[in-house]
Every structure is written in C-alpha cells, then in structure tokens.
Amino acid sequence: MLKKERYQLLIKYFTENFPVAETELNYSNPYELLVAVILSAQCTDKRINQVTPALFKRFPDAASLSKGEFEEVFQYIRSVSYPNNKAKHLIGMAKMLEQDFNSEVPSTIEELQKMPGVGRKTANVIVSVIYNQPAMAVDTHVFRVSHRIGLVAKSATTPLAVEKELIRHIPEELVPVAHHWLILHGRYICVARSPKCAECKLTHLCKFTKRVFPKSRL
C-alpha cells in the first residue's frame, strides 16, 4: 500500500466515524488550557483534570498566578509528575504573560516557546486548539501510532521529524482534528503495551498489524 493511500484511508475512517475530536483536558479559556497542558507533560489528562479545578479557583488568571508563592502552587499540583519544576514554570509563565503579552496567550509557536515550561509540543497544542492553526503536537501517543500504522518513515526518529511528515500528508484544514484522532487512538486502542488490535478498525492499513499478525483476519 502506498503511503498516500494509507493516509486517505485513515482520514476517511476518522472523518466518517469521529468528525469531532477534542482535547480531554478541561478548560474554559486559553489561560486555563495553557496551564493544563504545561501540567500534562508526562502525566495523564485524568490526573490533571482532578487537580486543575482547585488550582483555577485559587488562581483564576495570569495576574493572580504571577503573584503566587511557590509553596502554595506546589501544594495544589503536588500529585502530578515533576511538581517542583511545574510549579516554577507556572509562576514564570504567568509573570511573562502579564509582563510581555498583556495577559493574552500568544498565538504563535515562537512566542509561546519563550515562556517557562512551554516546549514545541505544548505550543503546538495551544495554537491548534485555541487558534485552530494547522499545528501537529507530537506526544508519545502520536509518535507511537504514526510509526505503527506506517504514516511516517522509520527514519523519523524525533517528534519534530514525525510532526513534519504528518503535516506534509494531512490536509491543512484537518491537521487540528487529526492531532486528536491520533492521540485518542493511541490512548484507547493503540496503547503502548498490548495494543488492542482486535478492536481496531484500522488493521487493514496498519503495518504493525500485518507484521505481528501476518495471517490474521483482524
């Protein structure tokens, strides 16, 4: 199967079955999403959604968070991964939002990456979800699914390489939703250990399935 055909079949399946796919992080404005995505690094969305309600009640905006004390912010997020670093990042991010961006979450990847705790993946999520830009955030799920299905070459060994290849093959208008298609597929079906191939509807185009179950009719 040619790569072009593989992408066409993938897009056909998801547009027909999951035309709407969104982040599972709970938020009500760009500031809250930025905080949630920073916290979600190497942590589950479920855990972040348990932590953020109290955090947002105490620090409802960048102005309040920028004045927060490390010890207090830490207490609100102590159950997430790397709480020490993330507490520092959140306060630093809020101060920069206040001082450099007039409390407005930037709409460009370059500006977002200037803030503490914001790498390319986080920046891509923000511009995609908030500003509907054709940005592809590559987390562990997207990286794994892209390689298993065969959407990217084996030589795409970095998140940036995967991002660039996906962007080249997915229509620009579909990139924001495709980001969520791949994440959710990796989170619930194409899981890291024991992928649920028997439940998967993409086995007809998946290189991993054909390699692991060469004679199967999955």
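Residues numbered from 1 in each chain as written. Predicted model: local features only at pLDDT ≥ 70, side-chain atom pairs only at ≥ 80, totals over all residues. Heavy atoms only, no water.

A.B. asks: Explanation requested: the overall build of the chain in the structure shown.
C.D. replies: Along the chain, the regular secondary structure elements total twelve helices and zero strands. Walking the chain from its N terminus toward its C terminus, one meets helices and strands in the order α-α-α-α-α-α-α-α-α-α-α-α. Its C-alpha radius of gyration of 19 Å places the chain within 12% of the 17 Å reference for a compact globule of 218 residues. When its C-alpha atoms are laid out on the principal axes, the chain stretches across 60 × 30 × 30 Å. Counting across all 218 residues of the chain, residues that qualify as buried make up 47%. Intrachain contacts of the chain at a sequence separation of at least 6 include 59% that bridge at least 24 residues. Carbon and sulfur atoms form 52% of the exposed surface of the chain, whose accessible area is close to 11,600 Å². Distance between charge centroids for the chain: 13 Å, based on 30 positive and 21 negative side chains. (Helix = DSSP H or I, 4+ residues; strand = E, 2+ residues; numbered from the N terminus. Rg over C-alpha atoms; globule rule 2.2 N^0.38 Å. Buried < 20%, exposed > 50% of the residue type's maximum accessible area, 1.4 Å probe, protein only. Contact = heavy atoms within 4.5 Å. Areas by Shrake-Rupley, 256 points an atom, 1.4 Å probe, with all protein chains shown as cover. Lys, Arg positive; Asp, Glu negative; His and termini not counted. Charge placed at Lys NZ, Arg CZ, Asp CG, Glu CD.)

A.B. asks: Could you clarify how one ought to interpret the side chain of Glu 165 in this entry?
C.D. replies: Position of Glu 165 among the secondary structure elements: in helix α10 (residues 159-169). A distance of 2.4 Å separates a polar atom in the side chain of Glu 165 from a polar atom in the side chain of Lys 3. Polar side-chain contacts of Glu 165 include one of 3.2 Å to the backbone nitrogen of Ala 153. (Polar contact = N/O pair within 3.5 Å; in protein donor to acceptor, adjacent residues only side chain to side chain.)

A.B. asks: Would you explain the packing of aromatic side chains in this entry?
C.D. replies: Each aromatic ring pair is described using two quantities: the centre-to-centre distance and the angle formed by the ring planes. All told, the structure shown has seven aromatic pairs when counted by the stated rule. Plain terms: the ring middles of Tyr 13 and Phe 18 are 6.1 Å apart, the flat faces sit at 65° to each other, and that makes the pair edge-to-face. The interplanar angle of 55° and the centroid separation of 6.3 Å between the aromatic rings of Tyr 31 and Phe 56 together place this pair among those described as tilted. One end of the pair, Tyr 31, is in helix α2 (residues 30-40); the other, Phe 56, is in helix α3 (residues 45-58), and 25 residues separate them in sequence. Both residues of the pair, Tyr 31 and Phe 56, belong to the buried class. (Phe/Tyr/Trp six-rings, centres within 6.5 Å; stacked < 30°, edge-to-face > 60°.)

A.B. asks: Sorry if this is basic, but what is going on with unusual backbone geometry here?
C.D. replies: Only a minority of non-glycine residues have a phi that is not negative, and only a minority of peptide bonds are not trans. Positive phi is not limited to glycine here, since Asn 102 has a value of about 55°. Looking at where Asn 102 falls in the secondary structure, it is placed in the loop between α6 (83-100) and α7 (109-112).

A.B. asks: Explain α2 to me, please; I cannot follow it from the model alone.
C.D. replies: Residues that lie three or four places apart on an α-helix share one face, since the helix turns once every 3.6 residues. Within α2, ten of the eleven residues are buried, which leaves the element mostly enclosed by the surrounding structure. Considered for burial, the residues of α2 that qualify are Tyr 31, Glu 32, Leu 33, Leu 34, Val 35, Ala 36, Val 37, Ile 38, Leu 39 and Ser 40. The N-cap of α2, judged by a side-chain oxygen 3.2 Å from the amide nitrogen of Tyr 31 a few residues on, is Asn 29. One or two residues past the end of α2 sits Gln 42, with phi positive at roughly 55°.

A.B. asks: Before we go on, may I ask you to explain α10 in this structure?
C.D. replies: Those residues of α10 that sit buried are Val 162, Glu 163, Glu 165 and Leu 166. In this structure, the buried residues of α10 make contact with α1 (3-17), α8 (120-129), α9 (140-149) and α11 (175-188).

A.B. asks: Please clarify how the side chain of Ser 81 should be interpreted in this entry.
C.D. replies: Within the fold, Ser 81 resides in the loop between α5 (70-77) and α6. Given a relative accessible area of 18%, Ser 81 falls into the buried group. Here Gln 42 takes part through its backbone oxygen, which lies 3.1 Å from a polar atom of the side chain of Ser 81. Apart from residues no more than four positions distant in its own chain, Ser 81 is found in contact with Ala 41, Gln 42, Cys 43 and Lys 86.

A.B. asks: Can you walk me through the pattern of salt bridges in this structure?
C.D. replies: Side-chain pairs of opposite charge can arise where the charged atoms are in close proximity. In total, this model carries six salt bridges according to the counting rule given. Across the pair Lys 3 and Glu 165 runs a salt bridge, and its minimum N-O distance is 2.4 Å. Residue Lys 3 is found in helix α1, and its partner Glu 165 is found in helix α10; the two are separated by 162 residues along the sequence. By relative accessible area, Lys 3 is classed as partly exposed at 26%. According to the relative accessible area criterion, Glu 165 is buried, its value standing at 8%. Close ionic contact of Glu 24 with Arg 187 constitutes a salt bridge, the shortest N to O distance being 2.5 Å. Within this pair, whereas Glu 24 is found in the loop between α1 and α2, its partner Arg 187 is found in helix α11, the two being separated by 163 residues in sequence. Where salt bridges share partners, they join Glu 24, Asp 45 and Arg 187 into one cluster. (Salt bridge = Lys/Arg side-chain N within 4 Å of Asp/Glu carboxyl O.)

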